[in-house]
Amino acid sequence: MHASIVESIRPAGMTRRQFIKSVIAAGAVSSSGLLFSGPAGAGPKASPRVVERLLTLDVNGQRRRVDVLPQETLAQTLRHKLGLTGLKVGCDRGECGACTVLVDAVPQYACSLLTQSVRGKSILTIEGLARPDGKLHPLQQGVLDEQGFQCGYCAPGFLMATLGFLAVNPHPNRQELAHGVSGNLCRCQDYDKILTGLMRGAEYMRKE
Amino acid sequence: MADNDALFTPKLTGHNYVTPDLRAKLTGSARFADDFRAEGMLVCKLLTSPLPHARVTHLDLRTALAVPGVRAILTADELPPPADSVSDSGAVIKASPWAERALTMEPLYQGEPILAVAAVDEATASAAIEAVDIAYEALPFVIDPLDSLRPGGANARTDGNVWLPPARPGERPRIGELKWSAAEFEAAGPDRLPLGKATNEWSYGEVEAGLARAALVLDETFITPNVSHQALETRSALAWWENGKLHLAVGSQSTVQTVPAIAKWLNMDANDIVVISEYTGGGFGGKITASVAAIIPALLAKKARAPVMLRASREDEQAIGRARPSTIGRMRAGFAKDGRLLGLDMLVVMDNGPYEEQFDALMAGRLASLLYQPQAMRWRGAAVLTNTPTRGAQTAPGGLQVSALLGPVLAKAARRLGLDPLAICRINAPEGRAPVGPPKPDGSLNAATSVFVKQALDRGASAFGWQARRFRPAPAKGTVRRGIGVATGCFVAGTVGFDGLLVITPQGRLRIHTGVGNLGTESFSDAQRVAADALDMPWEACEIVWGNTGRHLAWSCVSGGSQTIHAMSRAALAAGLDARAKLKEIAAQTLGGKPEDYAIGSQRVFRRDNGTQGLSFAEAARRAIELGGIYDGHQCPAGINKATQTAVAALAGQGLVAVARDTFPRDGQTYSHVASFAEVEVDIETGMYRITALHAEADAGTVVHPRAFAGQLAGRSMLGIGHATRQKWFYDKEYGIPVSRRFYQSRPPTILCCPEHFTWGSVGIPDPQTPIGARGIGEPPTGAACAAVLCALNDALGDDTFLRAPVMVDAVLAAIEPAIRPAADNLSANV
């Protein structure tokens, strides 16, 4: 599990060093972070490398065409270009996990992933969990039944991280599940009830 | 068909349910402030001060404004002057000349905003920030309150270093200078707070006499940390103007109360402001009205003639997102042989930050008088200014600190006197209408509405297995030391006087218009269960309207100070009773007889002597519209708050409109308490430790929503655990620059920091001074858990082994090997 996460952070042979270099080369990520990129045509676009900008992404089972800047993170693309605002940007540096999505079923911090690197991969966000008829995913239903989360800002990230973890370990005990979602912060710190809800959701998933 | 003539029949209240906001939170459809979008929206970035105290001497914006895509730049001289405010009694409160403003030309801490840029995207805004031509004159600065109190120490502001009481009655507190003598520092030594002059003090009883007759007198100094709020949602607001009205989607703990706060800072009419805040990503006191930063996008939007989004970066949030002030306390406490606290002399120095006076030190004194019931007490305090970020109320301001300062003192006294630490908590615990300091002008003390913390200690001790754990043999081998601790916490837990507003629609549904903010405690919804119960309405027939003042909301309390469930359940009941009275009057006018001939139940108003004769709520609502006047909101009763009157006028004619102000009696001040029990296991080889068990037992009156209540107990206990174990500021004192600016440096607790076994309980005795019996629970768990863990660590490591929280690995190792304990900076606020 751990190895697969690490590998998928470096897609297509891209090392962490290459990731950072590509961002620096694009020259548009300031120390304070860029959370909003404008419409296509706005903002700096200079890049030393020729990168295809019009991508087709597989998001929640749908093929979405989108114009992507070379330095654009998946969080920026999903939130600002595809309108999928369920994931949150709590820190923009891979510390809080609020932006967690599944990329090929593996939990990833969307703030720390270049959109260019997920071409051809399957992306699942919180908006893709419930059925089109509105029926909640059993994981969501479990949390709902236990009144999990308080402010809810961290909830989408926790749910996606849990889903990825349960794919590997569908029968966790509380401690194992806590470790599985320990990359996600909740500042309301309602961890006890969150875990209860997630465990209930895992139970529902096993019954489906 | 049951009559529901009782004032309040709790069919829904006290039971779990799914709150109306939860599904949206779990599906990603909940819209927080930074999820809003508007056509042509610009984004805003801040230029912040690189220095801890400076004056801007040169500012040239021409190059920045020439950056393509930049639409406007806002500077401090464009801010309107803050408006004076008017108290409930009509007295004018002058705007403070020392108040924080959204932007400044004399930054008082590193990270304070100087100007703001609006541009088509963040990259462009960042480029413009880089292009600003600015120069500063560095001014003297101070990071640590004791450094400022030393002879010759720097002042954080050019006009002083402390808040002083008003010079004359009716005036505002003012800033002045306070220095302690070298002799006072010398006399105290490196590990004790000097007993210098304070700026405020009060006392009751004969303190020195109490200390003189004590069997044991302890003289303890302890330091609590500066801790930032660090809400996961950074300060966010989207502002746009339509027809002269400001619309603001903002992450705020409060909804209707954010309007007058924004109006004050923008110096404009509150009727021209619409606040949208359906969801807020954490507040903890840092976003009670979230108003200071929110006016930046408001003014930029006006200037740029386009919607503007401010979405603070994590680093900016650390600077402007508020923090709990550190306190340094010195407590001389005299105990009788049985552990009773005979006299308490308490001095608290608070790291106030550079702006508005914080009340943590003052609250620490007030709550000490309640929590430990000293027979005689003196409190002295000083709010010392430093060039560090603006402080604000954080969960149990003063309540966290008083438990951390005094809880371990009680435990130490128990060990010295050969008593059970539980027994010394119990003998000093408040009870019933317990007295609360400070004394009133006539010398008497205030009284709590009710306190049942002794019951909480008893129940909690049983649930935790205190005695069994106390006498459990120590680990026989290895490097593990075990310790247990018990402590109490308290905080204010209720206010009165707000409005409830309901509409029974012609479809027979109950629409509840509440101005309570939604920050995750669920009290915006939980309190309304009372209104439904008052009308015997099934929850499925109820709809809550919240989070948008454009949807006509009732005047409600701020969501801070754990007052909401108390204040707004009373307001909901008042409105529910108004609806009942109107239903009966309508039935009497329609069907004959007197209102008292009718009863309410099963969504009908019906004759007591003939249940088949009556009106459904839907029929009564239609009849209310026909009758008009007070029945459908065309007339608003006297005594309703002004904001609610406006809402009622807008809702007039939509159905049976019920509106009432909470005028239920209350005698005393409302407080909630928690008793917490903790067990730790410390590895003395590595300094690492685990919290193996924590039990929190509440005394917060009637539990309205058990799952939400449990979440507050657990979550706020975790906040206390963070203060005890890992959260604090680090500063480069030479340059006045914060080192801890991100999560990995400030280390808020993760899910792996939870106690291995967390349990909770509630005494559940209703508060007799409020009809529902409920008090707030959001804050007292914090101090109780923090102090219980500190006491457990003392139990494991011994007394006098650390003098500050948090207790991190270095402190544990220093406790085990005192020879390596650092001697320097022992009393510094940020190390």
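### A closer look at the overall build of chain A
Working step 1: When helices and strands are tallied, chain A shows 7 helices and 5 strands.
Working step 2: Residue burial in chain A is summarised as follows: out of 208 residues, 50% are buried.
Working step 3: Considering only contacts within chain A whose residues lie at least 6 apart along the sequence, 62% involve residues at least 24 apart.

### Description of the overall build of chain B
Working step 1: Broken down by element type, chain B carries 23 helices and 35 strands.
Working step 2: Whereas a compact globule of 831 residues would reach a radius of gyration of roughly 28 Å, chain B reaches 28 Å, a difference of no more than 12%.
Working step 3: For chain B, the C-alpha atoms occupy an extent of roughly 85 × 70 × 55 Å along the three principal directions.
Working step 4: Across chain B, the fraction of contacts at a sequence separation of at least 24, relative to all contacts at a separation of at least 6, is 79%.

### Section: the pairing of strand S2 (residues 62-67) of chain A
All names here are of chain A.
Working step 1: Within S2, only 0 of the 6 residues are buried, leaving the element largely exposed.
Working step 2: Looking at chain direction, strand S1 (residues 54-59) and S2 are connected through 6 bridges and run antiparallel. By the bridge assignment, Val59 is partnered in S2 with Gln62.
Working step 3: Where S1 hands over to S2, the hairpin turn is made up of 2 residues, of which Asn60 adopts a positive phi near 55°.

### Here's the deal with the sheet that holds strand S5 (residues 122-124) of chain A
Residue and element names in this part refer to chain A.
Working step 1: The strand order across the open sheet built from 5 strands is S2-S1-S5-S3-S4, with neighbouring strands paired in mixed fashion. Where the open sheet ends on each side, the last strands, each with one partner, are S2 and strand S4 (106-109). Neighbour to neighbour, the strand axes of the sheet diverge by 40° on average, direction disregarded.
Working step 2: By the bridge criterion, 4 bridges tie strand S3 (residues 100-103) to S4 in an arrangement that is antiparallel. Counted as the bridge partner of Thr100 is Tyr109 from S4.
Working step 3: Each of S3 and S4 is contacted by helix H5 (residues 155-168), which is oriented at about 35° to S3, the strand it contacts most.

### So, the interface of chain B and chain A
Working step 1: Contact with chain B, which involves 54 residues of that partner, is made by 51 residues of chain A.
Working step 2: If you tally residues by element for the side of chain B that touches chain A, the top one is helix H20 (residues 706-725) of chain B, at 8 residues.
Working step 3: For the side of chain B that touches chain A, the class distribution of residues is 25 nonpolar, 17 polar and 12 charged.

### A few points about the domain arrangement of chain A
Residue and element names in this part refer to chain A.
Working step 1: Per the domain assignment, the segments making up chain A are domain 1 (3-34), domain 2 (53-128) and domain 3 (129-208).
Working step 2: Inter-centroid distance (C-alpha atoms) of domain 2 to domain 3 is 20 Å.
Working step 3: Across the boundary between the two partners, domain 2 contributes 16 residues, which contact 14 residues of domain 3.
Working step 4: Among the secondary structure elements, those contributing two or more residues to the side of domain 2 that touches domain 3 are S3 and S4.
Working step 5: The greatest single-element share of the side of domain 2 that touches domain 3, amounting to 3 residues, is contributed by S3.
Working step 6: Within the side of domain 2 that touches domain 3, the residues separate by chemical class into 10 nonpolar, 5 polar and 1 charged.

### Points about helix H17 (residues 564-591) of chain B
Along an α-helix, residues three or four positions apart point the same way, because every turn accommodates 3.6 residues.
Residue and element names in this part refer to chain B.
Working step 1: When the terminal C-alpha atoms of H17 are compared, their 39 Å separation across 28 residues agrees well with the 40 Å that a helix rising 1.5 Å per residue should span.
Working step 2: Counting buried positions along H17 gives 22 out of 28 residues, so the element sits mostly inside the fold.
Working step 3: Positive backbone phi, at 95°, marks Gly592, one or two positions downstream of H17.

### Concerning unusual backbone geometry
Residues and elements named next belong to chain B.
Working step 1: A cis geometry characterises the amide bond from Gly437 onward to Pro438, with omega recorded as -5°.
Working step 2: As for its position among the elements, Pro438 is in the loop between strand S21 (435-436) and strand S22 (446-447).
Working step 3: Geometrically, the link from Ala805 to Pro806 is a cis peptide bond, its omega value of 5° lying close to zero.
Working step 4: Checked against the element boundaries, Pro806 lands in the loop between helix H22 (780-797) and helix H23 (809-816).

### Side note on the nonpolar core
All names here are of chain B.
Working step 1: With 313 residues, the main nonpolar core has Cys44, Leu248 and Val789 as its most contacted residues.
Working step 2: For this core, the leading source of residues is H17, giving 13 residues.
Working step 3: Setting aside residues up to four positions removed in sequence, Cys44 forms contacts with Ala116, Val117, Ala118, Ala125, Ile296, Pro297, Leu300, Val308, Met309 and Leu310.

### What about helix H19 (residues 642-651) of chain B?
Residue and element names in this part refer to chain B.
Working step 1: Along H19, the residues that are buried comprise Ala643, Thr644, Ala647, Val648 and Leu651. Considered in projection along H19, the buried side chains sweep an arc of 140° and stay on one side of the axis.
Working step 2: On its buried face, H19 is in contact with strand S24 (499-504), strand S25 (510-513) and strand S30 (656-661).
Working step 3: In the segment just after H19, Gly653 is the residue with positive phi, at about 90°.

### Observations concerning the environment of Ser112 of chain A
All names here are of chain A.
Working step 1: Tracing the sequence through the fold places Ser112 in the loop between S4 and S5.
Working step 2: Sequence separation between Ser112 and Gly164 is 52 residues, and the spatial gap between their C-alpha atoms is 17 Å.
Working step 3: Those residues in contact with Ser112 that sit more than four places away from it in its chain are Thr73 and Gly94.

### Describing the sheet that holds strand S23 (residues 480-492) of chain B
All names here are of chain B.
Working step 1: Taken together, the 4 strands give an open sheet; going across it, the order is S23-S31-S32-S35, and neighbouring strands pair in mixed fashion. Each edge of the open sheet is held by one strand with a lone partner, namely S23 and strand S35 (758-762). Taking the axes of each pair of neighbouring strands and ignoring which way they run, one obtains an average angle of 15° across the sheet.
Working step 2: With 13 bridges connecting them, S23 and strand S31 (residues 671-683) associate as antiparallel partners. Each bridged residue has a counterpart across the sheet, and for Gly489 the counterpart in S31 is Val674.
Working step 3: Contacts from helix H13 (residues 453-464) reach S23, S31, strand S32 (689-699) and S35 within the one sheet, and its direction differs from that of S32 by about 140°.

Cut-offs and rules
Residues numbered from 1 in each chain as written. Chains lettered and ligands numbered in written order. Predicted model: local features only at pLDDT ≥ 70, side-chain atom pairs only at ≥ 80, totals over all residues. Helix = DSSP H or I, 4+ residues; strand = E, 2+ residues; numbered from the N terminus. Buried ≥ 20, exposed ≤ 12 C-beta atoms within 10 Å, placed from the backbone. Contact = placed C-beta atoms within 7 Å. Rg over C-alpha atoms; globule rule 2.2 N^0.38 Å. Pairing = 2+ DSSP bridges. Axes fitted to C-alpha atoms, helices over the stretch in contact; angles between N-to-C directions. Nonpolar A, V, L, I, M, F, W, Y, C, P; charged D, E, K, R; others polar. Domains from an automatic or database assignment. Expected span 1.5 Å × (residues − 1). Core = buried A, V, L, I, M, F, W, Y, C linked by C-beta atoms within 7 Å. Arc of directions from axis to C-beta.

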